[in-house]
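Here are the chains, one letter per residue:
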Amino acid sequence: MEANLRWVALTAVAPVAWGTNYYVTHEFLPSDSPLYGAALRALPAGLVLLGLCRQRPRGAWWWRSAVLGLLNVSVFFVLVYTASQLLPTSIASTVMAVSPLAMMLLAWVLVSERPGMAHLAGATIGLGGICLMLLTGAGGVSVPGILASTAAMLVSAFGHILTKRWNNTGTDVLASTAWQLTAGGLFLLPVAAAVEGPPPTLSAPALLAFGYVALVATALAFVAWFTGLRHLPAGTVGMVGLLNPVTGVLLGTAVAGEVLTAQQLCGLALVLAGVVLGRPTRAGRRGGVRSRSSLHPPSHPSAGPPPAAPCEDEEAGEQGAAPVGGPG
């Protein structure tokens, strides 16, 4: 029991870090440089994870990593960055919390994975909660911010479905995450230079913020998340993932001074209830199966590749993400 609590605490680092990303991006990073912002988050994190995994893509995973990196990192990170700048932290984090439900519905449409009645009920409740949160407030909510969040959810869901279809060859999920982050960051750099011009001049707080979102809210968060998936039931990890929107709301209200109305608080409760109700049931049935896979210690470069991680991350992945997307 004590060991499980330690793994839960370690795993909780991931959703808490993802939840703080909205606040850090909103408060400290340049609002007019989403392309550079996404690139400076993705590329350092990808290089760090490559150093941990010490694996290169093989065969079809060269082009698959490029496609998934474009969707799950390049496009997704830019959209999340934009939403974080345009929306209050509490709103942005809550909207992205329904990403697992969006994935479920998109999988139903695209690959005929029919959800159960409880999952459909969860999606309906979650959508109702989002409507309560957005359709209120004296100052209104940024429409471009909502569109960016919605697009991020759809891109994340599509990338997740592609990852699920392609990741059936025993590829280590942390390694594929490293490839996607690196590819996505490399895609973004020339586009950022062409569209946004020279990199923005960054103050000391902005540099520290970029270091945080790249190394803590991305690289460390993914290591903690996948480590949790190897040692805990997938259902438990999925519930820990609810700390993502909770963290965003707490930071938004307690630190950023955002005020949620009673209607928005009810909406937040409905979103969390919908996510809980909409969790895939098979994750719980397979929760007792643990992977023996582990990260290579950096001090052992000669170690062979770890056994493939099971697809638990597909059911209990980051709130609304394929292995790379959805962090927020």
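All of these numbers come straight from a predicted model, not from anything done at the bench.

Colleague: What am I meant to see in the overall build of the protein here?
Modeller: In terms of regular secondary structure, the protein is built from 14 helices and 0 strands. N-terminal to C-terminal, the α/β element order of the protein is α-α-α-α-α-α-α-α-α-α-α-α-α-α. Relative to its full complement of 328 residues, the protein shows a buried share of 54%. Sequence separation of 24 or more characterises 89% of the internal contacts of the protein that already satisfy a separation of 6 or more. Looking at the protein as shown, the accessible area adds up to about 13,600 Å², and 70% of this sits on carbon and sulfur atoms.

Colleague: Please explain the pattern of salt bridges as it appears in this structure.
Modeller: For side chains bearing opposite charge, pairing can occur when the charged atoms are close. Going through the model one piece at a time under the given rule, you end up with 1 salt bridge. Among the salt bridges present, the one from Asp172 reaches Arg230, with a minimum N-O distance of 3.6 Å. One end of the pair, Asp172, is in the loop between helix H7 (143-166) and helix H8 (173-196); the other, Arg230, is in helix H9 (residues 204-231), and 58 residues separate them in sequence. Overall, the relative accessible area of 5% leaves Asp172 in the buried class.

Colleague: Honestly, the environment of Trp63 in this entry has me stumped. Any pointers?
Modeller: When you line up the elements, Trp63 lands in helix H3 (residues 61-86). Measuring from C-alpha to C-alpha, the distance between Trp63 and Ala183 comes to 9.9 Å, with 120 residues separating the pair along the chain.

Colleague: How should the packing of helix H2 (residues 34-53) against H9 be read in this particular structure?
Modeller: Where H2 contacts H9, the two axes come as close as 8 Å, and the packing angle between them is 45 degrees. With respect to their mutual orientation, H2 and H9 come out oblique. Viewed along their axes, H2 and H9 form a crossing whose handedness is right-handed. The residues of H9 that touch H2, namely those facing Tyr36, Gly37, Leu40, Arg41, Pro44, Ala45, Val48, Leu49 and Leu52, are Phe210, Val213, Ala214, Leu215, Ala217, Thr218, Ala219, Phe222 and Val223. Residues belonging to the contact of H2 with H9 are distributed by class as follows: 15 nonpolar, 2 polar and 1 charged.

Colleague: What exactly am I supposed to notice about helix H5 (residues 99-111) here?
Modeller: Along an α-helix, a turn takes 3.6 residues, which lines up residues three or four apart on a common side. Across its 13 residues, H5 extends 17 Å between first and last C-alpha, which sits within 8% of the 18 Å expected from 1.5 Å per residue. Against the buried residues of H5 lie helix H4 (89-97), helix H6 (117-134), H7 and helix H12 (262-277). Ser112, located one to two residues past H5, shows a positive phi value of around 55 degrees.

Colleague: Would you mind going over H4 with me for this structure?
Modeller: In terms of burial, H4 is largely enclosed, as 9 of its 9 residues are buried. Every buried residue of H4 is accounted for by Thr89, Ser90, Ile91, Ala92, Ser93, Thr94, Val95, Met96 and Ala97.

Colleague: When you look at the nonpolar core in this model, what are you seeing that I'm missing?
Modeller: Nonpolar side chains in soluble globular proteins tend to end up buried together. If you look at the biggest cluster of nonpolar residues, it comprises 68 residues, and the most contacted ones within it are Leu49 and Leu181. Ignoring any residue separated from it by four or fewer positions in sequence, one finds Leu49 in contact with Leu174, Thr177, Ala178, Leu181, Ala219, Phe222 and Val223. Of all hydrophobic cores here, the second largest spans 8 residues; its members include Val24, Leu29, Ala209 and Val213.

Colleague: Sorry, what's going on with the packing of aromatic side chains here?
Modeller: Any two aromatic rings considered together are summarised by their centre-to-centre distance and by the angle between their planes. Applying the stated criterion across every chain yields a total of 7 aromatic pairs. Considering the side-chain rings of Phe222 and Phe226, the 6.1 Å spacing of their centres and the 20 degrees angle between planes classify their relative orientation as stacked. Taken together, the residues span about one helical turn, with Phe222 and Phe226 both in helix H9 at a distance of 4 residues. Just as Phe222 is buried, Phe226 falls in that class too. Taken together, the ring pairs connect Trp18, Phe222, Trp225 and Phe226 into an aromatic cluster. Directly above the ring of Phe77 sits Arg41, whose terminal nitrogen or CZ lies 4.2 Å from the centroid. One cation-aromatic arrangement involves Arg64 over Trp61; the distance from NZ or CZ to the ring centre is 5.7 Å.

Colleague: What am I meant to see in the confidence of the model for the protein here?
Modeller: The predicted coordinates ought not to be read in detail in places where the model reports low pLDDT. Of all residues in the protein, 80% attain a pLDDT of 70 or more, and the chain-wide mean is 79. Least confident of the elements in the protein is helix H14 (residues 312-316), whose mean pLDDT is 39; most confident is H2, at 95. Note that residues 282-326 has pLDDT below 50 and, in this model, 117 contacts with residues that lie over four places away or in other chains.

Colleague: Explain the environment of Ala221 to me, please; I cannot follow it from the model alone.
Modeller: Structurally, Ala221 can be placed in helix H9. Residues Ala221 and Trp18 lie 203 residues apart in sequence; the distance between their C-alpha atoms is 7.4 Å. Not counting chain neighbours up to four residues away, the residues in contact with Ala221 comprise Ala14, Ala17, Trp18 and Val216.

Colleague: Looking at this structure, how should I read the packing of H4 against H12?
Modeller: Helix packing geometry: the angle between the two helix axes and the distance between the axes. Two elements in contact, H4 and H12, have axes separated by 9 Å at closest approach and are oriented at 30 degrees. Comparing their axes, H12 and H4 come out roughly parallel. Where H4 crosses over H12, the two elements pack in a sense that is left-handed. Counted together, Ile91, Thr94 and Ala97 of H4 and Gln264, Leu268, Val271 and Val275 of H12 form the full contact between these two elements. For the contact of H4 with H12, the class distribution of residues is 5 nonpolar, 2 polar and no charged.

Colleague: Looking at this structure, I do not really get the side chain of Thr25. What am I missing?
Modeller: Note that Thr25 resides in helix H1 (residues 2-28). Judged by its relative accessible area of 3%, Thr25 is buried. Not counting residues up to four positions away in its chain, the partners in contact with Thr25 are Tyr81, Ser84, Gln85 and Val213.

What counts and how
Residues numbered from 1 in each chain as written. Predicted model: local features only at pLDDT ≥ 70, side-chain atom pairs only at ≥ 80, totals over all residues. Heavy atoms only, no water. Helix = DSSP H or I, 4+ residues; strand = E, 2+ residues; numbered from the N terminus. Buried < 20%, exposed > 50% of the residue type's maximum accessible area, 1.4 Å probe, protein only. Contact = heavy atoms within 4.5 Å. Areas by Shrake-Rupley, 256 points an atom, 1.4 Å probe, with all protein chains shown as cover. Salt bridge = Lys/Arg side-chain N within 4 Å of Asp/Glu carboxyl O. Axes fitted to C-alpha atoms, helices over the stretch in contact; angles between N-to-C directions. Parallel < 35°, antiparallel > 145°, perpendicular 65-115°, else oblique. Left-handed = near helix turned anticlockwise from the far one by under 90°. Nonpolar A, V, L, I, M, F, W, Y, C, P; charged D, E, K, R; others polar. Expected span 1.5 Å × (residues − 1). Core = buried A, V, L, I, M, F, W, Y, C linked by side-chain atoms within 4.5 Å. Phe/Tyr/Trp six-rings, centres within 6.5 Å; stacked < 30°, edge-to-face > 60°. Lys NZ or Arg CZ within 6 Å of the ring centre and 35° of its normal. pLDDT = per-residue confidence, 0-100.

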